[in-house]
Every structure is written in structure tokens, then in C-alpha cells.
Amino acid sequence: MRIVHLSAELAPIAKVGGLGDVVYGLAKEQVRKGEQVEVILPKHKRLHLSKLDAIKKFPTPLFVHEFPVTVWKATLESIPVTLIEIDHPNNPFERDSIYGFSDDPFRFIIFALAAQSYLSNQRLDILHLHDWHTSIAALLSIDTKGTVLTIHNMRYQGQCLPEELKIAGLERQREKLKDPHNPEMISLLKGGILFSDRVTTVSPTYAKEVLSPPESYGMERTLKQKGITGILNGIDYDYWNSAYDPYLSVRYRRDHWEELQESKRKNREEIQKKLNMSKPKGPLVSAISRLVPQKGPHLIKAALKETLRLGGQAILLGAGAPPDIDKEFRELAEEFKSNRDIHFHFDYDEALGHELYAASDLLLVPSLFEPCGLTQMIAMRYGTLPLVRLTGGLADTVVDGKNGFSFRQSDPGEIINALKRAFTLYQANPLEWKKMVEEGARSNFTWTHSAALYRALYSEILKSKNA
Ligand code: ADP
């Protein structure tokens, strides 16, 4: 089957969050299964090109309107990757980050047009679109038997003025694409929902949650009419493997308890040394997160402080905060600057992320909503118990008292109670703790199952088209 993914991100060459991991993990599994796969993404300025092999320029020059498009082909491990460069006076992808610009809708519409131009004269079985950034491609004439849109986060919809559709010649669709919350605007994601054959999202619970407010962000009617399927994300078991992880000082097999415990202790000592932290007796509690409202920053804050009160050690690795949240956390860091039991690292740091999964005992994931969430699954794979708010994919993967801890309401009292329960268990019942860690480490979050579900969905589409 010839499957083409259109995406803004692809880990590890262009990653902001889970989207990059998911496209990488799914494409890799599809290649392994013998599918003919290709991932197309913009040639972002800050791509980690060193991770790509056999980069070469595609010989034919292409155009979007009068703007030249250069196409680069490469491979990322086993995955064929196509990078699209657009010579436009606004330099849409010559930017220091992947998103966050006022002309983002324009940047991704022109990317979809360039991809369309590259794909002309090619016959696809499945065009797989990811999030609002590539949704508009569902409305373009691309020779594909079927189109799937996966929504990784309903909150981001690519709202923009209808005039943005002009460059794609799609002004006639403005009525259909009208944003239900703001009729002056259109939603690019809505276009993807309406014009794809099937819409999926990244966990079964989130697939239910997005059918009503607040998680629907105005799309409840559109989604109910269309239907949406939840397929839980996997994680890449080669990449997230404590036995081979190149970022770790001490690697370990998660299914050997003594080895796991001993290595966790050593990895923790390494971190304490590296970050100039003390060596308290209690557990190490971490949060590895984008610091945006979705991730429950007020709950993270409450839990970090409570960790200290309970005699534990806390580390926050957080990036991407908007100014108000950034200010709050920097003030907190200032308040605790002479306390060596807590450390704040405001950056995206892949290496420190791995080290923290390996060294921590608990990982905080108190999201207000969470389409799937990867960090809780990664944590379990490293023998770290997740402490989560029961929402979306967190509710599909964490069972309180079995492989982690959970709470329901988004008020600080609830996370504090859950944290107290976790500390009590850690201190008073090491056998039960061991049982839970082992249960988490045994969980199967590989891509094999999820990729098979996508494959079945693709086949259904193709069958219905042939019928
Ligand atoms: P989201 O996509 O909403 O950010 P996910 O849980 O789906 O959340 O995926 C987050 C991914 O990004 C994980 O691989 C996690 O390890 C990584 N990550 C998040 N924040 C950081 C950070 N500050 N530094 C390093 N890795 C991070």
C-alpha cells in the first residue's frame, strides 16, 4: 500500500511534542510491515539534518504559483522522507521555530500546495494528514484513493481569515469552513474533518471527549456527523529503551528488579551531581512537559511544592511557556533558588528528558485535557510510575493502584492527595511499589497494535471506494 503522511513534525529531526513522535513511530512500523511509506514535511530551518541519510535534490523543479519549490529526498533510518523548500518572499520555513507565527495558516497552506505539486502524477492509496497544519490538503486535488485525518489536538484548529483560502483557490469553501465560534473566521481543521474519508484521534477516551464541549472547541456537530475513531498512540520501543538508551549513564533492563533499582539510584546520583542537587531520602518526582495551560501548570506547581514538604526531590523540565506561565514558573524558581531539593530547567532538552525518565520514581502528568500523552507511557517503560489526571489517553493507559496514580478534579487539593498516597506507598510498602513498577514496565505500548488498527482503517476506506 502506498501511504503518504503530510506532517509539520517528524521526530527526531523536527519535533515540538508528541506529533513528531507519533508520525515517526507510525511510519517506522508501517515500513517494517512492508508498506510503501513516505513522510513529507517542510524543510524547516532548524531541522536536525545530520540524522538524515542520502539527502539529495529531486531533479524536477516545481512551482506553487510563480514561487519555485525545491524538493529534497532523504531517509530517516528506514523511513523515506521528503523535504519541501519554498522560495517565497515571506520565507515561510526559514524561521527559528516550527510554529508560533502570525502567518502560520499561510505557511502551512503553501506547504500543502507545494506537496500537491510534488505529488502530481503520483498515485497514492492513502494520504494521511496530521492536525490542522496539513488539513487543507484534503480539499486539494491529489490523486489518492483515500484520505485520513488524524487529530492530535483539537485545541489547535488553524483559525484564520477566509482570505487565506485565496492562494489555494478555495474561496468557494469559506461557508463550509466557517469557524462555529467565530463566523468571521474559518477553521482549517474543519476542512480536514469534512473532506477526509475518515477522521481519527489518538485515544479512545479523547475520541469521546471531543464530541462535546469544552474538548470539542466548537466542532461537536461536525464531528458527530462525520464520526471519529480513537486509536491509541504507541511509543517507539527501540528509541525508548532503558537497556540501550545512549543518553543514560547507567543502562538497565526494566524487567530485572534489582538491576532497575540499582541503576535508578545511580542515574539519580548522576543527575544530582550534574544539577548540583542534594541527596534526600524521599522519591524523585519529575515533570517533563510543554508548559502550556493544557498541561495543568497550576497542578504541576502545587505538586512540586508538596514534594518538598513530603521530603522528596523535584525536577521540572519544561519548555514553550507563554509569557504569563513563564513568569509564574520563573518566580517559583527564584523563590526556591537556594533549595537544592528542587531544580527547574526551562528548555527543551532531549538528553535530560531521557535521564529524568530513568532516574525518577514518579512522573507528574496532571493535564487538563490530554489527547493521548506519551510521557506516562515512556515513564512506565523506564520503571517510573506516572501520576496523572484522568482524562483522554491518560485515562486509557493509567490505572490507579495498578501501574500509576490518578485523580479526577483539576484542583490542587486532588493532586496533593494523590501525591501523598504515592509517597505513603513508596515509604511504607516497597513490595507493592515494586509490583506496580513491574506492571507498568510490562504494559504493551508498542506501535504494532496501533499500526494494525490504522491498516484496518485504510483497508476499510479502500474497500468502500472499490465497492
Ligand atoms: P505534547 O505532544 O502535548 O507535548 P506528549 O506527551 O504527547 O505531549 O509528548 C511529549 C513528548 O515531548 C515526549 O516525548 C516528551 O518526552 C517530550 N518533551 C516534552 N517536553 C520536553 C522538554 N522540555 N524537554 C525534553 N523533552 C520534552
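As a reminder, the structure under discussion sits directly above these lines.
Nothing here was measured: the structure is a model prediction, and the numbers come from that model.

1. Some details on the layout of surface pockets
- Computed from the structure, the second largest pocket encloses a volume of approximately 430 Å³.
- If you trace the second largest pocket, you find 19 residues lining it, with Gln261, Arg265, Arg268, Asp361 and Tyr426 closest to the centre.
- The residue makeup of the lining of the second largest pocket, split by class, is eight nonpolar, three polar and eight charged.

2. Section: the sheet that holds strand β14 (residues 284-290)
- Reading across the sheet, the six strands line up as β16-β15-β14-β17-β18-β19 and stay open at both edges, with parallel pairing between neighbours. Bordering the open sheet on either side are β16 (342-346) and β19 (405-407), each of which pairs with just one other strand. Shown here is a sheet whose adjacent strand axes are inclined to one another by a mean of 15°, direction ignored.
- Strands in contact with helix α8 (residues 297-309) are β14, β15 (313-319), β16, β17 (362-365) and β19; relative to β15, the strand with the most contacts, it is inclined by about 155°.

3. Structural notes on the side chain of Glu29
- Checked against the element boundaries, Glu29 lands in helix α1 (residues 18-32).
- Note on Glu29: relative accessible area 8%, which makes it buried.

4. So, the environment of Ala138
- By secondary structure assignment, the location of Ala138 is in the loop between α3 (131-135) and β8 (144-151).
- Note on Ala138: relative accessible area 13%, which makes it buried.
- Note: C-alpha distance between Ala138 and Leu189 (51 residues apart in sequence) is 10.0 Å.

5. Some points on the sheet that holds strand β10 (residues 178-179)
- Read across the open sheet, the three strands follow the order β9-β11-β10; overall the sheet is antiparallel. Of all the strands in the sheet, just β9 (159-160) and β10 have a single pairing partner and so form its edges.
- As defined by bridge partners, β10 adjoins strand β11 (residues 182-187) across two bridges and the pair is classed as antiparallel. Residue pairing for β11: Lys178 is matched across the bridge by Ile186.
- Contacts from helix α4 (residues 188-195) reach β9, β10 and β11, with the element oriented near 65° to β11.

6. Some remarks on the environment of Val202
- Examined against the element boundaries, Val202 turns out to sit in the loop between β12 (198-201) and α5 (204-209).
- When the C-alpha atoms of Val202 and Asn153 are compared, they prove to be 8.6 Å apart, with 49 residues separating the residues in sequence.

7. Focus: the site of the ligand
- Close to the ligand lie 20 residues; Gly18, Arg290, Lys295, Tyr357 and Leu374 are nearest.
- In this structure, Asp349 approaches the ligand through a main-chain N or O atom, which is 3.0 Å from a nitrogen atom.
- Separating an oxygen atom of the ligand from a side-chain N or O atom of Tyr357 is a distance of 2.7 Å.
- For the ligand, the accessible surface in isolation is 560 Å², of which the surrounding protein chains cover 93%.
- Broken down by secondary-structure element, the contributors of at least two residues to the shell around the ligand are α1, β14, β15 and α11 (375-381).
- Tallied by class, the residues present in the shell around the ligand amount to eight nonpolar, six polar and six charged.

8. Thoughts on the pairing of strand β6 (residues 79-86)
- For β6, a buried count of six out of eight residues is recorded, marking the element as mostly surrounded by other parts of the structure.
- Here strand β5 (residues 67-76) pairs with β6 via eight bridges, running antiparallel. What sits directly across from Thr75, in β6, is Pro80.
- Hairpin connection between β5 and β6: a loop of two residues separates the two successive antiparallel strands, and Glu77 in this loop has a positive phi of roughly 50°.

9. Things to note about the nonpolar core
- With 67 residues, the main nonpolar core has Phe344, Leu362, Leu387 and Phe405 as its most contacted residues.
- Per-element accounting of this core gives the leading share, seven residues, to helix α13 (residues 412-428).
- Excluding its chain neighbours within four sequence positions, the residues that come into contact with Leu387 are Leu362, Leu363, Leu364, Val365, Pro366, Phe405, Phe407, Ile415, Ala418, Leu419 and Ala422.
- Within the second largest apolar cluster, 53 residues are counted, among which are Ile40, Ile136, Leu139 and Ile228.

10. A look at the packing of helix α7 (residues 257-274) against helix α10 (residues 350-359)
- At a closest axis distance of 8 Å, the pairing of α7 and α10 adopts a crossing angle of 135°. Between α7 and α10, the angle is such that the two are oblique. For the pair α7 and α10, the crossing hand works out as left-handed. Within the contact between the two elements, α7 uses Lys264, Asn267, Arg268, Ile271 and Lys274 and α10 uses Leu352, Glu355, Leu356, Tyr357, Ala358 and Ala359.
- Of the residues belonging to the contact of α7 with α10, the class tally is six nonpolar, one polar and four charged.

11. Let's talk about α1
- Spanning 15 residues, α1 covers 21 Å between terminal C-alpha atoms, matching the ideal 21 Å at 1.5 Å per step.
- Most of α1 is tucked away, with twelve of its 15 residues classed as buried.
- Where α1 is concerned, the buried positions are Leu19, Gly20, Asp21, Val22, Val23, Tyr24, Gly25, Leu26, Ala27, Lys28, Glu29 and Gln30.
- Just downstream of α1, Gly34 is the residue with a positive phi angle, here 90°.

Procedures and definitions
Residues numbered from 1 in each chain as written. Predicted model: local features only at pLDDT ≥ 70, side-chain atom pairs only at ≥ 80, totals over all residues. Heavy atoms only, no water. 1 Å grid on protein atoms, 1.4 Å probe; cavity = no way out; pocket = protein on both sides within 12 Å on 5 of 7 lines; lining within 4 Å. Points joined across faces, edges and corners; volume = space filled by probe spheres on them. Nonpolar A, V, L, I, M, F, W, Y, C, P; charged D, E, K, R; others polar. Pairing = 2+ DSSP bridges. Helix = DSSP H or I, 4+ residues; strand = E, 2+ residues; numbered from the N terminus. Axes fitted to C-alpha atoms, helices over the stretch in contact; angles between N-to-C directions. Contact = heavy atoms within 4.5 Å. Buried < 20%, exposed > 50% of the residue type's maximum accessible area, 1.4 Å probe, protein only. Near = heavy atom within 4 Å. Polar contact = N/O pair within 3.5 Å; in protein donor to acceptor, adjacent residues only side chain to side chain. Areas by Shrake-Rupley, 256 points an atom, 1.4 Å probe, with all protein chains shown as cover. Core = buried A, V, L, I, M, F, W, Y, C linked by side-chain atoms within 4.5 Å. Parallel < 35°, antiparallel > 145°, perpendicular 65-115°, else oblique. Left-handed = near helix turned anticlockwise from the far one by under 90°. Expected span 1.5 Å × (residues − 1).

Distances and angles like these do not, on their own, reveal function.
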